[in-house]
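In case you want the letters, here they are:
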Amino acid sequence: MRWIYACFVIVLCALIFCEYVADFVVLQKCKWPEIRRKKYVDDPLRAMVIADPHLLGPHRGHWLDKLYREWHMTRSFQAASRLLQPDVVFVLGDLFDEGDMVSDKQFQEYVWRYLQMFNLPAGIPLISVVGNHDVGFHYKMHPFFMTRFENYLNYSKVHLYTIKQIHFVVINSMAMEADGCMFCTEAESALKNISSTLHCMQQPHVAECARTRRHPYSQPIIMQHFPTYRISDKVCREHDAPHIEAFRERYHVLSKDATDMLGELLKPRLAFAGHSHYFCHNINRLGIDEYTVASFSWRNNVNPSFMLATITPDDYAVFRCKMLPQQFVYNSYVSAGVACLVLIAFQLRKYLSSRGQAMEEMSQQKKQP
């Protein structure tokens, strides 16, 4: 019965490797990119940026699909946070797949699962940006959804977030329609206030800025769910989308007008977004680097990835970190199954051969007088 034991060991080794070890092995290749300018190089900000985990809710998807894919997201995130030890983690929207469809009780359970999956050591902030699956597209946004998201996860509108003298503008992309709705009006007003704050950081001696609490100025970085306007991933310098499709303004990407407004008010130097579920690096309409971050979930992208950004007030460097591919796990289990089948076939052949030999010996003995 050694072959049963050997088969059990093969399957157990594949299970332990794929479910507990493989993420650490794959993510060992990820390193924080180095800054070229040396002025602030001793204390740069190390930001980990992920997008679109799309935790399943009670209405969509099979429970086994939810269990297994969320298990792997948890393993990947915990491996990444332990190996890379970021200063801050941004999740760029669509935290939930059904955030605009669930009751308060279900949303509380959603948030609990999310915070368990993306659990970080004390002192490392988790900045959760709102996405269309969290509160609905523009036409569906309601004060109830917005307030609920902000009560649990802090950011549902437009905010200026500063850490290590690096300024991030966290934006609700669905409120960038500029159509006079309540949310759009609030968002535009918040952007103008942030623009004034940044101006006062840059020009602290101006009379109108005398009472403003000041941080040292550096050009801000945009963090939002929708990418800024582009026609498609065809314009990307790098991308991993299997098919190129034309993007619609206000649905796949921000409108041209909203993109121009962000450029005029914020004068950013870098932008990060999600939403498309695939990676793209392009020079956007504002003439700056924009990184569209791939979905963190196998459900949306079988080759997920996230971004590592090393940032100082006057420079930045960004690296794409590829995660454990879904196909690698499937291939590992198939290989373990094939190895077991080969072992069983070998043992069966050996058994049939010995049995045939025994029967032949018995036949010869019967023929003897």
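- Per an unreviewed UniProt entry, the chain carries the name Metallophosphoesterase 1 homolog and comes from Drosophila virilis.
- Under Sequence similarities (unreviewed entry), UniProt gives the following word-for-word description of the chain: "Belongs to the metallophosphoesterase superfamily. MPPE1 family."
- Listed under Cofactor (unreviewed entry) in UniProt, the entry text for the chain is "Mn(2+)".

Quick look at the UniProt feature "transmembrane region" (unreviewed entry) in the chain
Argument step 1. UniProt annotation of "transmembrane region" (unreviewed entry) refers to residues 328-346 when read in the numbering used here.
Argument step 2. Annotated as residues 328-346, this span is 100% helix and 0% strand, and its ends, taken at the C-alpha atoms, are 27 Å apart.

Here's the deal with the state of the cysteines
Argument step 1. What the rule picks out here adds up to three disulfides.
Argument step 2. Here Cys7 connects covalently by a disulfide to Cys340, the sulfurs 2.2 Å from one another. Judged by the sign of its S-S torsion, about 120 degrees, the bond between Cys7 and Cys340 is right-handed. Note that Cys7 is positioned in helix α1 (residues 2-27) and Cys340 in helix α8 (residues 326-367), a separation of 333 residues in sequence.
Argument step 3. The disulfide that involves Cys30 links it to Cys321, with 1.7 Å between the sulfurs. Across the S-S bond of Cys30 and Cys321 the torsion is about 85 degrees, and the bridge reads as right-handed. Of the two residues, Cys30 is situated in the loop between α1 and β1 (45-50) and Cys321 in strand β12 (residues 315-322); the sequence distance between them amounts to 291 residues.

Brief notes about the layout of surface pockets
Argument step 1. Taken as a whole, the largest pocket encloses approximately 320 Å³ of empty space.
Argument step 2. Forming the boundary of the largest pocket are 18 residues, of which Glu245, His252, His275, Ser276 and His277 lie nearest the centre.
Argument step 3. The class makeup of the residues in the lining of the largest pocket is seven nonpolar, eight polar and three charged.

Each value, and the rule that gives it
- Residues numbered from 1 in each chain as written.
- Predicted model: local features only at pLDDT ≥ 70, side-chain atom pairs only at ≥ 80, totals over all residues.
- Heavy atoms only, no water.
- UniProt positions renumbered as here; feature names shortened; annotations may be inferred.
- Helix = DSSP H or I, 4+ residues; strand = E, 2+ residues; numbered from the N terminus.
- Disulfide = S-S within 2.5 Å.
- 1 Å grid on protein atoms, 1.4 Å probe; cavity = no way out; pocket = protein on both sides within 12 Å on 5 of 7 lines; lining within 4 Å.
- Points joined across faces, edges and corners; volume = space filled by probe spheres on them.
- Nonpolar A, V, L, I, M, F, W, Y, C, P; charged D, E, K, R; others polar.

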